[in-house]
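# Secondary and tertiary structure notes
Below, each chain spelled out in residue letters.
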Amino acid sequence: MRGLNSILELSVEELDQLIATAKDIIAHPENYWDKCAHKKLATLFFEPSTRTRLSFEAAMLELGGSVLGFSEASSSSASKGESVTDTAKIVSCYADIIAMRHPKEGAPYVAAQAASIPVINAGDGGHNHPTQTLADLLTISRELGRLHDLTIGLCGDLKYGRTVHSLIEAMSRYPGVKFVLISPKELKIPGFVRYNVLEPHHIPYKEVASLEDAIGELDVLYMTRIQRERFDDPWEYERLKDTYVLNTEKMKLAKDAMCVLHPLPRVNEISVKVDADPRAAYFRQALNGKYMRMALILKLLEEAKADPKPVALDSSELEYDRICRNPKCISQVEQELPQLFRCTDKEADIHRCVYCDQRG
Ligand code: NCD
């Protein structure tokens, strides 16, 4: 039995299979109406969400299952001090699968270690968001007909934007993919994406500051919101929040076949006038998220039925003698969690926290 914490846990074959299932669901929804009859999805959302939570719930309902859960930490026992570990154990008594969103990085990973049912990471702090990536992959596949040989521009908050991290991890495994990383210098992609994914796999990428200069060469433009809630300094957010605005003028510089994605919500980084452009795919992308979550729920429940044993933590190369200094890591809040690190680069002597991927 396994869940989904990082998109890297799915092979390219599995990603392609999920996309194929989602396309089959779109073509023949009636074949899936009772696939999850009598199964329950628990949505444990400790952070705000519209699309992710509702599309998970709609996905389970369209598979004939039911949903239970909460949409804010204040209505769960977390507000009384209950740990993520205990919450996961309790919810395992009531549901068959969990989708969890949490502001602390690594929280769904901790839940997965404690739960006896699959746990899906529905967004953990500024770290990962693998099911948004599933929505993104289906969208690119449906809009452009391929996932290989693409120049993908990611624009905005590449530091705290968890959707960006998971999308780079996924797309780096398709041949012929190049990235153009468009951000102010303060919001460049974090080290765990650069040094675990881009550099070791020799993925071509460049970092630029101007959207106008880059837009003409892109097949996909992935816009993101500046993540206000992740900034320690509110003035820094104020200074950076309007760095990029995609408008109809800039769209004139783009290829006819480019598509614009955005995980949403948008604040003002895409002018509403762009919505009428046929290349604006972000509302279709939100719908695709429901189909991919249906495909994922089906896959994980089938796997759990075939092999209900929890996946044991691979303890072979774990290191216990370091301390994570990321204040946003779950191990900083839940003091009873062991500090766990893994060496990710022997030559450069780099060790990363297993919960949040920060260097130790
Ligand atoms: C994203 C998220 O929560 O990370 N939204 C989503 O899940 N569709 C992006 C964001 O909040 O900016």
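Being a predicted model, the structure only gives us computed values, none of them experimental.

### A look at the site of the ligand
Neighbouring the ligand are the residues Arg51, Thr52, Arg101, His129, Gln132, Arg162, Thr163, Arg225, Gln227, Pro263, Leu264 and Pro265. Contact between the ligand and Arg225: an oxygen atom at 2.8 Å from a side-chain N or O atom of the residue. For the ligand, a nitrogen atom lies 2.9 Å from a polar atom in the backbone of Pro263. Out of a free accessible area of 320 Å², the ligand has 94% covered by protein chains. At the level of secondary structure, the elements contributing two or more residues to the shell around the ligand comprise helix H2 (51-62) and helix H6 (162-171). Here the shell around the ligand spans two domains, since at least three of its residues come from each of domain 1 (7-128 + 287-306) and domain 2 (130-285).

### A closer look at the pattern of salt bridges
Inspection of the entire model under this criterion finds 23 salt bridges. When the shortest N-O distance is used, the salt bridge between Arg230 and Glu47 registers 2.8 Å. Of this pair, Arg230 sits in the loop between strand S8 (220-223) and helix H9 (234-240) while Glu47 sits in the loop between strand S1 (40-45) and H2, placing them 183 residues apart in sequence. For Glu47, a relative accessible area of 9% corresponds to the buried category. A salt bridge links Arg239 to Glu186, with the shortest nitrogen-to-oxygen separation between them at 3.1 Å. Of this pair, Arg239 sits in helix H9 while Glu186 is found in the loop between strand S6 (178-182) and helix H7 (191-198), placing the two residues 53 residues apart along the sequence. Look at Glu186 and you get partly exposed, because its relative accessible area is 24%.

### A few points about the sheet that holds S6
Strand order across the open sheet formed by five strands is S7-S6-S5-S8-S9, with parallel pairing between neighbours. Sheet topology places strand S7 (205-208) and strand S9 (259-261) at the edges, where each strand pairs with a single neighbour. When strand polarity is set aside, the average angle formed by the axes of neighbouring strands in this sheet is 20 degrees. Bridge count for strand S5 (residues 151-155) against S8 is four bridges, and the pairing is parallel. Each residue of the ladder has a partner; that of Cys155, found in S8, is Met223. Sheet strands touched by H6: S5, S6 and S8. Its angle to S5, the strand with the most contacts, is close to 165 degrees.

### A few points about the packing of aromatic side chains
Scanning the entire structure with this criterion turns up five aromatic pairs. Taken together through their ring pairs, the aromatic side chains of Tyr160, Phe231 and Tyr237 make up a single cluster. The ring centre of Tyr32 lies 5.8 Å from the NZ or CZ of Lys35, which sits over that ring.

### Section: the domain arrangement of the protein
By a widespread convention, an interface's size corresponds to the accessible area lost as its parts come together. On domain assignment, one finds that the protein holds domain 1 (7-128 + 287-306), domain 2 (130-285) and domain 3 (318-353). For domain 2 versus domain 3, the distance between C-alpha centres works out to 29 Å.

### Notes on the pairing of strand S3 (residues 97-102)
Of all six residues making up S3, six are buried, and the element is well covered by its neighbours. Of the two faces of S3, the one holding Ile97, Ala99 and Arg101 and the one holding Ile98, Met100 and His102 are both buried throughout. Pairing between S3 and strand S4 (residues 119-124): four bridges, direction parallel. Bridging from a neighbouring strand, Ala99 pairs with Ile120 of S4. In this fold, S3 hands off to helix H4 (residues 107-114), which returns the chain to S4; that crossover is right-handed.

Conventions we followed
All residue numbers refer to positions counted from 1 along the written sequence of the respective chain. Reporting in this predicted model follows two pLDDT cut-offs: at least 70 for local features of residues, and 80 or more for side-chain atom pairs to be given and counted; totals over whole chains, interfaces and linings ignore these cut-offs and use all residues. Water and hydrogen atoms play no part in the side-chain values, which are based on all heavy atoms of the structure. The rule for a residue being near a molecule or strand is that one of its heavy atoms must lie within 4 Å of it. Two N or O atoms count as a polar contact when they lie within 3.5 Å, although within protein this holds only if one can serve as hydrogen donor and the other as acceptor, and sequence-adjacent residues are included solely when both atoms are side-chain atoms. With residues, only the protein chains shown are counted as cover, and all accessible areas are computed by Shrake-Rupley using a 1.4 Å probe. A helix here means a DSSP run of H or I that spans at least four residues, while a strand means a run of E at least two residues long, and both kinds are numbered starting from the N terminus. An automatic or database domain assignment is the source of the domain bounds shown. Salt bridges are defined as contacts in which a side-chain nitrogen from Lys or Arg sits within 4 Å of a carboxyl oxygen from Asp or Glu. Burial here depends on accessible area, computed with a 1.4 Å probe over protein chains only, as a share of the maximum for the residue type. Under 20% is buried, over 50% is exposed, and the range in between is partly exposed. In this scheme, strands are said to pair when DSSP sees at least two bridges between them. Here the axes come from fitting lines to C-alpha atoms, over the contacting stretch only for helices, and the angles between their N-to-C directions go from 0 to 180 degrees. Contacts are assigned to residue pairs that have any heavy atoms within 4.5 Å of one another. Here is the rule: rings of Phe, Tyr and Trp (six-membered ring for Trp) pair when centre to centre is within 6.5 Å. Planes less than 30 degrees apart are stacked, more than 60 are edge-to-face, and the remainder are tilted. Throughout this description, the term charge over a ring refers to an Arg CZ or Lys NZ atom that lies within 6 Å of the ring centre and within 35 degrees of the ring normal. Throughout, right-handed denotes a crossover for which the path from the first strand over the helix to the second runs clockwise when the strands point away from the viewer.

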